[in-house]
Amino acid sequence: MNTMRVSHRLKRWATAIWQVIGAVNIRAKILGIVLGLVVLMGVAATIEVRLLLDQTLTTQAREHSVAVARDVAARATDLTLMRDYYGLFRLLRDTQANNPDLRYAFVIDSEGAIIAHTFGAGFPAGLYDANIVTSNEHHRSVLLATDEGDVWDTAVPIFDGRAGVARVGLSLAAREQTVAAVTSQLLITTIMAAAIGITAAALLTWILTRPILQLVELTKAVTGGDFSRRAQRWADDEIGALTDALNAMSDALAQAERERAEREQMRAQYVTRIIAAQEEERKRIARELHDSTSQALTSLLIGLRSLADRHRSPDLRRQVDDLRGIVGQVLHDLHALARQLRPSVLDDLGLAAAIQRYVADCRARSGLTIDLAMPDLNGERLDPALETALYRIVQEALTNVIRHAHATTASIVIERRDGRLRAIIEDNGCGFDPAALRGDGDLGLNGIRERAALLNGHLIIESAPGNGTTLYVEFPLLASAEESYACEPYSVGR
Ligand SMILES: Nc1ncnc2c1ncn2[C@@H]1O[C@H](COP(=O)(O)OP(=O)(O)OP(=O)(O)O)[C@@H](O)[C@H]1O
Ligand SMILES: [Mg+2]
């Protein structure tokens, strides 16, 4: 349980540390690695050298103190035996003069009395007993910690101990100075190496990261849809190859984008032409129906009336009246058809009146309950392209409701808001799956979408089988069509 908690905590720390390190940029990472390595190696080398130097110098000082003590013991033999105290004193003083590290020296006679020493005023208490050598030992060295630092105290028996003992104390102050000097030298070298390392690493990271940062800029531009940017190839390495690959990708994307835009433009022109041709054809047929066919039918009507006036036979008159009734009905239907094809009210009275009339026709034809609300139009005229587009959209949407929806009610709302015109056409019919619509082909719902798109607007279809259908069409009021497909005003079917 405990180990689990510890490993969980370790994992959390590792994640937190990685989050911090991971967030740092490459330049800081490389600089950090170089600095860390140089400092680590410098400090490790300094500690190692300090330890080795300390050991070596301590051993050397010990050997030196033994050598000096031996020398003093050898030279003091005769003087001690002769009890030449002054000679002993001079020997000690000369020895000290020749060995600057010698802290002190003294001679003990066979009785254990100090007969010469270099302390001048007084002999330090406790020093005598700090190092006792027996006569069968060659020497004995003891490291003493004194107020003035470490001292190697070496005792050497004089004349195998029969004439006493010579003792010297060799200071280790020189050792400490040497170690301190070498340490500071090593630290200075470390700092200089770190400075050189950081400069070199900074240069290296600049060389490394400059093309990478440029590639980052390039990919950002590509993501933002700007395919015109190219990255400069700095070197012949892997990054150079990556730069070539990304530049080639940008070229391909730019080319694809150009082709897409061309295709889109061609498609828009094609759709515009189809819609214009459709309008033109409707206009032509409507004019034909009005100018030629309905004129002929009207003449026929007049001819039938004069025929009836001229003959008194009731049978004939009844037949002529029946024929007149049929011709009148055909004329009426022809006018309705012409109105649908191109209602003159759209050109003469505007969108609101045309839609009202069309909706009234639909109610009469289909028996469907249709609510119509156009609160913001108030008979005001809009751009002719916009009026034609919206009229055709409502016409197509209502035709669909009547043909496919099996609905009982439908509603149409046309409103202006924030400089946009929005039409919502809703029914409570059977609904359908908009995802199953074919993207090309007929000009029904696709035509609505195209007409809206040509006016910088869009169509949203909300429908599902069994749930009715709602079409949202919206476009900006000020938008002018890329190529207006509105027709010139003309009159028909009046
Ligand atoms: N209001 C609606 N209710 C139910 N189904 C609909 C409705 N509107 C469209 N649909 C379905 O979507 C299909 C596509 O409609 P669209 O208007 O594009 O073509 P269409 O009416 O079949 O033919 P066209 O309009 O070209 O004469 C229709 O066949 C119909 O199945
Ligand atoms: Mg349709």
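Going by the structure above, here's the rest.
Residues numbered from 1 in each chain as written. Chains lettered and ligands numbered in written order. Predicted model: local features only at pLDDT ≥ 70, side-chain atom pairs only at ≥ 80, totals over all residues. Heavy atoms only, no water.

A. Structural view of helix α9 (residues 384-405). Taking 1.5 Å of rise per residue, 22 residues should cover 32 Å, and α9 covers 30 Å from first to last C-alpha, within 8% of that figure. α9 sits mainly inside the fold: 16 of its 22 residues count as buried. Positive phi shows up at His 406, right after α9, with a value of about 50 degrees. (Helix = DSSP H or I, 4+ residues; strand = E, 2+ residues; numbered from the N terminus. Expected span 1.5 Å × (residues − 1). Buried < 20%, exposed > 50% of the residue type's maximum accessible area, 1.4 Å probe, protein only.)

B. Local environment of the nonpolar core. By size, the foremost hydrophobic cluster in this structure holds 42 residues, and its most contacted members are Ile 414, Leu 421 and Phe 475. Contributing elements (two or more residues each) for this core: α7 (344-348), α8 (351-366), α9, β7 (409-417), β8 (420-427), α10 (445-454), β9 (458-463) and β10 (469-476). For this core, the element with the most residues is α9, which contributes 11 residues. Each residue touching Phe 475, except ones within four places of it in the same chain, is listed here: Leu 386, Leu 390, Ile 393, Arg 420, Leu 421, Ala 452, Leu 455, Asn 456 and Gly 457. Ranked by size, the runner-up nonpolar core spans 23 residues in total, among them Ala 76, Leu 88, Ala 163 and Val 168. (Core = buried A, V, L, I, M, F, W, Y, C linked by side-chain atoms within 4.5 Å. Contact = heavy atoms within 4.5 Å.)

C. Region of interest: the site of ligand 1. Of all residues adjacent to ligand 1, which total 14 residues, the nearest are Glu 396, Asn 400, His 404, Asp 427 and Leu 445. At 3.0 Å from an oxygen atom of ligand 1 is found a side-chain nitrogen or oxygen belonging to Arg 403. Contact between ligand 1 and Thr 469: a nitrogen atom at 3.5 Å from a side-chain N or O atom of the residue. The fraction of the free accessible surface of ligand 1 (590 Å²) that becomes covered by protein chains is 75%. Among the cavities detected, the one that contains ligand 1 is the largest pocket. No other element matches the five residues that α9 contributes to the shell around ligand 1. For the shell around ligand 1, the class distribution of residues is five nonpolar, five polar and four charged. (Near = heavy atom within 4 Å. Polar contact = N/O pair within 3.5 Å; in protein donor to acceptor, adjacent residues only side chain to side chain. Areas by Shrake-Rupley, 256 points an atom, 1.4 Å probe, with all protein chains shown as cover. 1 Å grid on protein atoms, 1.4 Å probe; cavity = no way out; pocket = protein on both sides within 12 Å on 5 of 7 lines; lining within 4 Å. Sits in = over half its atoms within 2 Å of the grid points. Nonpolar A, V, L, I, M, F, W, Y, C, P; charged D, E, K, R; others polar.)

D. Structural detail: empty space enclosed by the protein. Counted under the stated rule, the structure contains one cavity of 30 Å³ or more. When its volume is computed, the largest cavity comes out at roughly 50 Å³. The wall of the largest cavity is formed by Arg 339, Gln 340, Pro 343, Val 345, Ala 354, Arg 357, Tyr 358, Asp 361 and Tyr 391. When residues of the lining of the largest cavity are traced back to their parent elements, those giving at least two are α6 (314-341) and α8. When residues in the lining of the largest cavity are grouped by element, the largest group, four residues, is from α8. Classifying every residue of the lining of the largest cavity gives five nonpolar, one polar and three charged. (Points joined across faces, edges and corners; volume = space filled by probe spheres on them.)

E. Spotlight on the sheet that holds β7. Across the sheet, which stays open at both edges, the five strands sit in the order β6-β7-β8-β10-β9 with mixed pairing between neighbours. Taken across any chain shown, the strands that pair with only one partner, and hence form the sheet edges, are β6 (369-373) and β9. Between one strand axis and the next, the sheet turns by 10 degrees as a mean value, whatever way the strands run. In terms of strand pairing, β7 meets β8 through eight bridges, oriented antiparallel. In the strand pairing of β8, Val 413 is matched with Ile 424. Across the sheet, α8 is in contact with β6 and β7; its angle to β6 comes to roughly 170 degrees. (Pairing = 2+ DSSP bridges. Axes fitted to C-alpha atoms, helices over the stretch in contact; angles between N-to-C directions.)

F. Representation of the pattern of salt bridges within the structure. Here the structure, examined in full by the defined rule, presents 27 salt bridges. A salt bridge links Asp 315 to Arg 318, with the shortest nitrogen-to-oxygen separation between them at 2.9 Å. Placement of both Asp 315 and Arg 318 in helix α6 is noted, with a separation of three residues, approximately one turn of the helix. Each of Glu 415, Arg 417, Arg 420, Arg 422 and Glu 474 takes part in one network of salt bridges that share partners. (Salt bridge = Lys/Arg side-chain N within 4 Å of Asp/Glu carboxyl O.)

G. Representation of the sheet that holds strand β1 (residues 102-108). Reading across the sheet, the five strands line up as β2-β1-β5-β4-β3 and stay open at both edges, with antiparallel pairing between neighbours. For this open sheet the edge positions go to β2 (114-117) and β3 (140-146), each flanked by a neighbour on one side alone. Each adjacent strand pair in this sheet contributes to an overall mean axis angle of 20 degrees, direction not counted. By the bridge criterion, eight bridges tie strand β4 (residues 149-158) to strand β5 (residues 164-171) in an arrangement that is antiparallel.

H. Up close: the coordination of the magnesium ion (ligand 2). Protein-derived ligands of the magnesium ion (ligand 2) are Glu 396 (OE) and Asn 400 (OD1), with the metal-ligand distances lying across 2.0 to 2.2 Å. Remark: Asn 400 and Glu 396 occur in helix α9; sequence separation between them is four residues, near one turn of the helix. On the basis of relative accessibility, which here comes to 16%, the residue Asn 400 falls in the buried class. (Donors = N, O, S within 2.8 Å, 3.2 Å for Na, K, Ca; no water.)

I. Looking closely at the pairing of β6. Across five bridges, β6 lies against β7 in parallel orientation. Residue pairing across strands places Leu 372 opposite Ile 412, the latter belonging to β7. This β-α-β element, β6 to α9 to β7, shows left-handed connectivity. (Right-handed = clockwise from strand over helix to strand, strands pointing away.)

J. Here's a closer look at the pairing of β10. With respect to burial, β10 is a largely interior element, seven of its eight residues being buried. Strand direction decides the pairing type here: β8 and β10, joined by eight bridges, are antiparallel. Within β10, the residue paired with Arg 422 across the bridge is Glu 474. Pairing of β9 with β10, which is carried by six bridges, proceeds in the antiparallel orientation. Residue Ile 460 lies in a different strand from β10, and its bridge partner there is Tyr 472. Connecting the antiparallel pair β9 and β10 is a turn made up of five residues, with Gly 466 showing a positive phi of about 90 degrees.

K. The arrangement of α8 in detail. Between its first and last C-alpha, α8 extends 22 Å over 16 residues, near the 22 Å set by a 1.5 Å rise per residue. Leu 351, Ala 352, Ala 354, Ile 355, Tyr 358, Val 359 and Cys 362 are the residues of α8 that are buried. Seen from one end, α8 has its buried residues packed into an arc of 160 degrees, which puts them on one side. Contacts from the buried residues of α8 go to α6, α7, β6, α9 and β7. (Arc of directions from axis to C-beta.)

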